[in-house]
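# Examining the three-dimensional arrangement
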Amino acid sequence: MALPFVVTLRGYDMRQVEALLARADEALAADSQATRASARDTLRTATLRRALRGYARRDVDSAIAERRQR
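Summary of the structure given here. Every chain is numbered on its own, with residues counted from 1 as its sequence reads. Local features in this predicted model are restricted to residues of pLDDT 70 or higher, and side-chain atom pairs are both shown and tallied only at a pLDDT of 80 or more, whereas totals for entire chains, interfaces and linings draw on every residue. Note that the side-chain values use all heavy atoms of the structure and ignore hydrogens as well as water.

### Thoughts on helix α2 (residues 33-45)
In a regular helix each residue adds 1.5 Å, so 13 residues correspond to 18 Å; α2 covers 18 Å between its end C-alpha atoms and thus fits that length. On its buried face, α2 sits against α1 (14-28) and α3 (57-68). Think of a polar contact as two N or O atoms within 3.5 Å of one another; within protein, one of them needs to be a possible hydrogen donor and the other a possible acceptor, and neighboring residues in sequence only count if both atoms come from side chains. Only DSSP runs of H or I reaching four residues or more are called helices, and only runs of E reaching two or more are called strands; each is numbered from the N terminus. Where α2 begins, the side chain of serine 32 points an oxygen toward the backbone nitrogen of alanine 34, at a separation of 3.3 Å. Helix span, as expected, comes to 1.5 Å for every residue beyond the first. By the convention used here, residues are in contact when the closest approach between their heavy atoms is within 4.5 Å.

### Topic: the nonpolar core
Think of a nonpolar core as a cluster: buried Ala, Val, Leu, Ile, Met, Phe, Trp, Tyr and Cys residues, connected wherever their side-chain atoms sit within 4.5 Å. Only protein chains enter the accessibility calculation, which uses a 1.4 Å probe. A residue is then buried if its area is under 20% of the maximum for its type, exposed if over 50%, and partly exposed in between. Judged by nonpolar contacts, the single largest core of 13 residues is most densely connected at Phe5, Val17, Leu21, Leu48, Val60 and Ile64. Secondary structure elements with two or more residues in this core: α1 and α3. For this core, the element with the most residues is α1, which contributes 4 residues. Excluding residues that lie within four positions of it along the chain, phenylalanine 5 makes contacts with Val17, Leu21, Tyr55, Asp59, Val60 and Ala63.

### Considerations on the environment of alanine 27
With respect to the helices, strands and loops of the structure, alanine 27 is situated in helix α1. With 10 residues separating them in the primary sequence, alanine 27 and alanine 37 have C-alpha atoms 8.8 Å apart. Non-local contacts of alanine 27, meaning those with residues more than four positions away in its chain, are made with Thr35, Arg36 and Ala39.

### Here we look at α1
The end-to-end C-alpha distance of α1, which contains 15 residues, comes to 21 Å, matching closely the 21 Å that a straight helix rising 1.5 Å per residue would cover. Along α1, the residues that are buried comprise Gln16, Val17, Glu18, Leu20, Leu21, Ala24, Ala27 and Leu28. Against the buried residues of α1 lie β1 (7-12), α2, β2 (50-55) and α3. A distance of 3.3 Å separates the backbone nitrogen of arginine 15 from a side-chain oxygen at the start of α1, and that oxygen is part of aspartate 13.

### Concerning the environment of leucine 20
The residue leucine 20 is located in helix α1 in this model. Residue leucine 20 is classed as buried on the basis of its relative accessible area of 6%. For the pair leucine 20 and threonine 42, spaced 22 residues apart in the sequence, the C-alpha separation amounts to 8.6 Å.

None of the figures reported here should be taken as evidence of function without further support.
In structure tokens:
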């Protein structure tokens, strides 16, 4: 799954970001309040690795913040 983030030096690991956001989007679309709350907690506590080439940190941080508000 390619996300619309800029690829930059010392960005967040792309595979990790893609997996995290895919799981979060799936959970946030669920009917269960508990599932959505768990997804928000996961987003709040996620520690993303940096890679030589990765997604721009500011873009990813904004996307995570947006999903946490759902």
